[in-house]
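Chain and residue survey
Residues per chain, in single letters:
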Amino acid sequence: MRINKIVAAATGMSRRAADQAIQQGRVLINSRPAKLGDEASPNDQVTLDGQSLTLPAQTTTIMLNKPVGYVCSRQGQGSRTIYELLPSEYQSLKPVGRLDKDSSGLILLTNDGQLAQELTHPKYAKTKIYEISLDKSLEPLHQQMISDYGVQLEDGSSKLALEKLNDFGHDWRVTMHEGRNRQIRRTFAALGYNVINLHRTALGPYRVGDLSPGDTIPVLIQ
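Attention in this report is confined to the structure presented alongside it. Quantities reported herein were computed from a predicted structural model and do not represent experimental measurements. (Residues numbered from 1 in each chain as written. Predicted model: local features only at pLDDT ≥ 70, side-chain atom pairs only at ≥ 80, totals over all residues. Heavy atoms only, no water.)

A word on the overall build of the protein chain
Counting its regular elements, the protein chain contains five helices and 17 strands. Across the 222 residues of the protein chain, 44% fall into the buried class. Here the analysis covers contacts within the protein chain between residues at least 6 apart in sequence; of these, 63% occur between residues at least 24 apart. Carbon and sulfur atoms make up 47% of the accessible area of the protein chain, which amounts to about 12000 Å² in all. The averaged location of the 23 negative side-chain charges in the protein chain is 5 Å from the averaged location of its 26 positive side-chain charges. (Helix = DSSP H or I, 4+ residues; strand = E, 2+ residues; numbered from the N terminus. Buried < 20%, exposed > 50% of the residue type's maximum accessible area, 1.4 Å probe, protein only. Contact = heavy atoms within 4.5 Å. Areas by Shrake-Rupley, 256 points an atom, 1.4 Å probe, with all protein chains shown as cover. Lys, Arg positive; Asp, Glu negative; His and termini not counted. Charge placed at Lys NZ, Arg CZ, Asp CG, Glu CD.)

Right, dumping it as structure tokens:
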């Protein structure tokens, strides 16, 4: 098996991060520095930063319906973390597709580095779907700007697909294929709106469905 795949599968890193670790000389095969493209067999000793790596018997991926008020990290710095919601057997998993503290909805956690890469790297352009509520009705001109032209933010233009969920214009379904930090909130804020609720319902092929807030469910990866 290629060494970057072993590192990714054993640590939950993305393939890109595994490649960087190899290039930095942090990965050894039988005590010699690994090179990109190297392969290793089950009988080889592979280490990262001096720690032996063992491929998991099988990868594990779960879906979590994150409630508002939890952060997607191990160190909450005074806030509750999603790891407080997880059973002990899932504590080693890493989140894919983070949500900020004030947002809720679908989070995947996995030890499958390749899956994490496919769900988050921009080149794969995975669809993400959210349901949001605004503090006031969205004006038709602003809807057109967001959907057709994009809104200029400090890190580039932001273009979102919008679907009205009621006649009042406060509630919308947002579909996007990228995921810059707080992009939806910043897009609406640039036009004078406050997103008061943001709930992710889908990430790639995965749907939160009727999973209750705070609950998890294992995912069978085909």
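As for the environment of Arg-80
For Arg-80, the position within the fold is in strand E7 (residues 80-81). Since its relative accessible area comes to 43%, Arg-80 is described here as partly exposed. Residues Arg-80 and Tyr-70 lie 10 residues apart in sequence; the distance between their C-alpha atoms is 5.0 Å. In this structure, Arg-80 is in contact with Val-68, Gly-69, Tyr-70 and Val-71, ignoring residues within four places of it in sequence.

Remarks on the nonpolar core
In this structure, Leu-109, Ile-132, Ile-184 and Phe-188 are the most contacted members of the largest nonpolar core, which totals 30 residues. Taken together, the elements giving at least two residues each to this core come down to strand E5 (61-66), strand E9 (104-110), strand E10 (128-134), strand E11 (151-153), strand E14 (171-176), helix H5 (183-189) and strand E15 (195-203). Setting aside its immediate chain neighbours within four residues, Leu-109 contacts Thr-60, Thr-61, Ile-62, Leu-64, Ile-82, Tyr-83, Leu-86, Leu-93, Lys-94 and Pro-95. (Core = buried A, V, L, I, M, F, W, Y, C linked by side-chain atoms within 4.5 Å.)

Focus: the side chain of Thr-47
For Thr-47, the location among the structural elements is in strand E3 (residues 46-48). Every residue in contact with Thr-47, bar those within four places of it in the chain, is listed here: Arg-26, Val-27, Leu-28, Ser-52 and Leu-53.

What about helix H4 (residues 140-149)?
Note: α-helices contain 3.6 residues per turn, so residues at a spacing of three or four share the same orientation. Those residues of H4 not exposed but buried are His-142, Ile-146 and Ser-147. Buried residues of H4, viewed axially, fall in a sector of 120 degrees; they line one side. Away from the buried face of H4 by more than 90 degrees, exposed residues Pro-140, Leu-141 and Tyr-149 are located. Looking at the packing, one finds that the buried side of H4 touches E11, strand E12 (156-158), strand E13 (161-164) and H5. Gly-150, located one to two residues past H4, shows a positive phi value of around 90 degrees. (Arc of directions from axis to C-beta.)

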